[in-house]
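As a plain string of letters, each chain reads:
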Amino acid sequence: MSGTEIELEGAPASSGSVIGEAFVYKKKEFDIQSSTIKKGEVLDHINQFKKARIQMESELQEMQNGSHSNEATDIIEAQIEMVNDPVLADQIEKLIKEELYSAEFAIQRAFEDYIRLMKNSDNPLARERSIDISDIRDRLLEYINKESDSPGIETGCIVVAQDLSPREVISLTNYNIEGIIMDRGGVTSHAAIIARSLGIPAIVGTKTATESITSESRIAMNGDTGEIFVHPTQTRIKDFEVTIEENRRRDKKLSEVINKKSETSDGHPFILRANIEFPEELEHLRALKASGIGLLRTESIYMEKEHFEDIAMQKEFYRTIMKETGSDPVIMRLFDAGGDKLFDDNKKEQNPFLGWRGIRLLLDNRKLLREQLEAILTIAGEFPGRIKILVPMVTVLEELTEVKEEIRSVQERLQSEGKDIDREVPVGIMVEVPSVALKIDKFTEMVDFVSIGTNDLTQYVLAVDRGNELIADIYNQRHPAVWELIAKVADSAVRYNKQVTVCGELASDPVSAACMLGMGINDLSMAPGKLAGVKHLLIDRSLDEMKQLAEKVLDCGTTQEVNNLFKSWSER
């Protein structure tokens, strides 16, 4: 099928470029009407539900057994637990027994409120997970209606869908699909995580792909940039073929880089760690041989609000991370989110980035802070010498003093209860507020390490909301003022003999990473997918070259000057 070339765009979710035929995947839609049954039919409908649940569990277990991806295995395990959730099962059976609902209608009603709550959540992670819940509901309905799950697709196609559940992604791999394009979902959705773990190029959040693309249309998609071309021209196809070959060579070269020593060409060592949020990311981290976790985001624990008050759940989350990271260190950042995501008190802030978030919120809600500290410090006792605590959004010294006192208090309580603790858990701060960077010596004296968060530091230094499209062109982490503060923090850490790391996006830019090494920062943390590319450049250059680069960047007056300097340096 041919036509005029159409260009679409989405968020790059799994790297790789591919050319192929589209298959527009459409989910079955169930029109379940309110229906009641006779008392004599109750047992039959309960058995229909139980049989459907057993069939779905069997299907998921078969997928799990056949999976070669730890990420996929863990996600499927979570779905199996959901299928077997006794509370959900009791609710469905109660609706059948007491309300005399049919099995189909009882399933529909039991899932309805929960799915609506997640879809309407302010938390994007919750909205993404609603896809998984909806899929479990729909699959149960398919089993009850004895409908086939076969999508009827050709092998080797690019799947285009509004959204996909993890079960659907794994099922579709049986057809050797070449790529995935979704209207909805984000890069942290389970579908995206599984696509990355399986090496399937994926683009998400296109909004209109299913409306703009028809089955059998030829597509060229780039999972690194988020670009999609429908009915690509011959010139476009040739360009993509070149890109595909370059990617093949790049991947081969980067796979070789992973096994090399992390040291500059003149023998100076550096450390590359990973920023993660979900256990499903750990396999990718291991494959890329990251030296531990430089930033563990803990916000996903409260994806559903009841979870952050569940200390046992928090402990299990941290324990899983520690078990899967060998002997490497893990830097755990305390909850860093606005109050609107944590509490239902209708407090709306005009500018939440400058408001009630991070340590400000935690110090106002000591119960929440103490519960998280209890969970982290308990696990630190199980894995002594490996956990570090990172305090976000620190602005004044008094906040740091209060947090350290809370940590001591929780440690003493745990010890009095006979629990093993690690008395030497290092405590550090995020340097993301200009007041901290400007008075860094005072803070460095009080902490064990500092971690520069360039994402927020940039928006606060430049007075630019990084989510505001109207001024997005001003937001640039390479701005000379940002570099000046980074250098100031690095200098303070060296003078006080304290560890300094960078965990913002700037660390994932290879030339910027080289500049940081030149400033004396040899510990960088980034998204796992960026590790190999950064390492490739760092091992190819000497520390002297990087020091010269750092000196020159501090002489720049504009972002364009920095960009020109970096471009010429990388092309040598």
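Parameters at a glance
Residues numbered from 1 in each chain as written. Predicted model: local features only at pLDDT ≥ 70, side-chain atom pairs only at ≥ 80, totals over all residues. Heavy atoms only, no water. Helix = DSSP H or I, 4+ residues; strand = E, 2+ residues; numbered from the N terminus. Rg over C-alpha atoms; globule rule 2.2 N^0.38 Å. Buried < 20%, exposed > 50% of the residue type's maximum accessible area, 1.4 Å probe, protein only. Contact = heavy atoms within 4.5 Å. Areas by Shrake-Rupley, 256 points an atom, 1.4 Å probe, with all protein chains shown as cover. Lys, Arg positive; Asp, Glu negative; His and termini not counted. Charge placed at Lys NZ, Arg CZ, Asp CG, Glu CD. Pairing = 2+ DSSP bridges. Axes fitted to C-alpha atoms, helices over the stretch in contact; angles between N-to-C directions. Salt bridge = Lys/Arg side-chain N within 4 Å of Asp/Glu carboxyl O. UniProt positions renumbered as here; feature names shortened; annotations may be inferred. Core = buried A, V, L, I, M, F, W, Y, C linked by side-chain atoms within 4.5 Å. Domains from an automatic or database assignment. Buried area = accessible area lost by both parts, 1.4 Å probe. Polar contact = N/O pair within 3.5 Å; in protein donor to acceptor, adjacent residues only side chain to side chain. Nonpolar A, V, L, I, M, F, W, Y, C, P; charged D, E, K, R; others polar. Expected span 1.5 Å × (residues − 1). Phe/Tyr/Trp six-rings, centres within 6.5 Å; stacked < 30°, edge-to-face > 60°. Lys NZ or Arg CZ within 6 Å of the ring centre and 35° of its normal.

Here we come to the overall build of the protein chain. In terms of regular secondary structure, the protein chain is built from 23 helices and 16 strands. Compactness check: the protein chain gives a C-alpha radius of gyration of 26 Å against a globular reference of 25 Å for 572 residues, within 12% of the reference. Overall size of the protein chain, expressed as C-alpha extent along the three principal axes, is 80 × 70 × 45 Å. The buried share of the protein chain, taken over its 572 residues, is 54%. Counting only contacts in the protein chain whose residues sit at least 6 apart along the sequence, the fraction spanning at least 24 positions is 68%. As displayed, the protein chain has an accessible area near 26,200 Å², and 47% of this comes from carbon and sulfur atoms. Treating the 70 positive side-chain charges of the protein chain as one cloud and the 99 negative ones as another, the clouds have centres 2 Å apart.

It is worth spelling out the sheet that holds strand β6 (residues 202-204) at this point. Here eight strands make up an open sheet; going across it, the order is β1-β8-β7-β3-β4-β5-β6-β2 and the pairing mixed. Where the open sheet ends on each side, the last strands, each with one partner, are β1 (6-9) and β2 (11-14). When the angles between neighbouring strand axes are averaged without regard to direction, this sheet yields 30°. Sheet strands in contact with helix α7 (residues 190-198) are β2, β5 (179-182) and β6, and its direction is about 55° off that of β2. Against the sheet, helix α9 (residues 234-258) contacts β3 (17-25), β7 (218-222) and β8 (227-230), and its axis sits at roughly 110° relative to β3.

Turning our eyes to something else, we now look at helix α21 (residues 531-538). The element α21 is largely enclosed, with a buried count of six among its eight residues. Residues of α21 that are buried: Leu531, Ala532, Val534, Lys535, Leu537 and Leu538. Packed against the buried residues of α21 are α9, β9 (271-276), α20 (510-518), β16 (523-526), α22 (543-553) and α23 (559-570).

Applying the stated criterion across every chain, the model contains 32 salt bridges. The closest approach of N and O atoms between arginine 370 and glutamate 406, which form a salt bridge, is 2.9 Å. Residue arginine 370 is located in helix α14 (residues 366-382), and its partner glutamate 406 is located in helix α15 (residues 397-416); the two are separated by 36 residues in the primary sequence. Residue arginine 370 is classed as partly exposed on the basis of its relative accessible area of 39%.

What follows is about the pairing of strand β11 (residues 330-333). Covered by surrounding structure in β11 are Val330 and Met332 together with Ile331 and Arg333, the residues of both alternating faces. Sheet topology places strand β10 (residues 293-296) next to β11; two bridges connect them, and they run parallel. Directly across from leucine 296, in β11, lies its bridge partner methionine 332. Of the strand pairs in this sheet, β11 and strand β12 (residues 387-391) are connected by four bridges, and their pairing is parallel. Across the sheet, residue arginine 333 finds its bridge partner in β12, namely leucine 390.

Attention now moves to the UniProt feature "coiled-coil region" (unreviewed entry) in the protein chain. If you check UniProt for "coiled-coil region" (unreviewed entry), the listed places come out as residues 393-420 in our numbering. End C-alpha atoms of residues 393-420 are separated by 30 Å, and the span's content is 71% helix alongside 0% strand.

For the rest of this paragraph, the subject is the nonpolar core. Ile429, Trp483 and Leu524 are the most contacted members of the largest nonpolar core, which totals 99 residues. Structurally, this core is a two-domain feature, drawing no fewer than three residues from each of domain 3 (292-425) and domain 4 (428-571). Setting aside anything within four residues of it in sequence, one finds isoleucine 429 in contact with Leu390, Val391, Val394, Leu400, Val436, Phe443, Val447, Phe449, Val450 and Ser451. Within the second largest apolar cluster, 59 residues are counted, among which are Ile37, Leu88, Cys157 and Leu164.

Moving on, we come to unusual backbone geometry. Despite not being glycine, histidine 231 has its phi angle at roughly 55°, a positive value. Following the sequence through the fold, histidine 231 ends up in the loop between β8 and α9. Despite not being glycine, asparagine 497 has its phi angle at roughly 55°, a positive value. By secondary structure assignment, the location of asparagine 497 is in the loop between α19 (480-495) and β15 (499-502). Using a relative accessible area of 71% as the deciding quantity, one classes asparagine 497 as exposed.

Domains assigned within the protein chain are domain 1 (6-27 + 150-250), domain 2 (41-145), domain 3 (292-425) and domain 4 (428-571). Placing a centre on the C-alpha atoms of domain 1 and another on those of domain 2 gives a separation of 27 Å. Between domain 1 and domain 2, the residue contacts involve 18 residues of the former and 17 residues of the latter. Counting the surface lost from both domain 1 and domain 2, the interface buries some 1,500 Å², and carbon and sulfur atoms represent 65% of this. Linking domain 1 with domain 2 are two salt bridges. Run the count over domain 1 and domain 2 and you get three residue pairs in polar contact (both at pLDDT 80 or more). If you list the elements that add at least two residues to the side of domain 1 that touches domain 2, you get α6 (166-172) and α7. In terms of residue class, the side of domain 1 that touches domain 2 is made up of seven nonpolar, eight polar and three charged.

It helps to recall that an α-helix has 3.6 residues per turn; residues three or four apart then point in one direction. Here α9 contains 25 residues, and its C-alpha end-to-end distance of 36 Å stays within 8% of the 36 Å for a straight helix at 1.5 Å per residue. Here α9 has its buried residues at Ile237, Phe240, Asn247, Leu254, Val257 and Ile258. At its buried positions, α9 is contacted by β3, β7, β8, α10 (282-287) and α21.

Following the sequence through the fold, arginine 248 ends up in helix α9. A sequence separation of 231 residues divides arginine 248 from serine 17, and the C-alpha atoms of the two residues are 9.8 Å apart.

It is worth spelling out the packing of aromatic side chains at this point. Applying the stated criterion across every chain yields a total of four aromatic pairs. Ring geometry for tyrosine 101 and phenylalanine 105: centres 4.7 Å apart, planes at 70°, overall edge-to-face. On the basis of relative accessibility, which here comes to 14%, the residue tyrosine 101 falls in the buried class. Arranged with centres 6.0 Å apart and planes meeting at 75°, the rings of tryptophan 483 and phenylalanine 566 form a pair that is edge-to-face. In this pair, tryptophan 483 is assigned in helix α19 and phenylalanine 566 in helix α23, connecting sequence segments 83 residues apart. For the pair shown, tryptophan 483 and phenylalanine 566 are each scored as buried. Directly above the aromatic system of tryptophan 569 lies the positively charged group of arginine 541, at a separation of 4.2 Å from the ring centroid.

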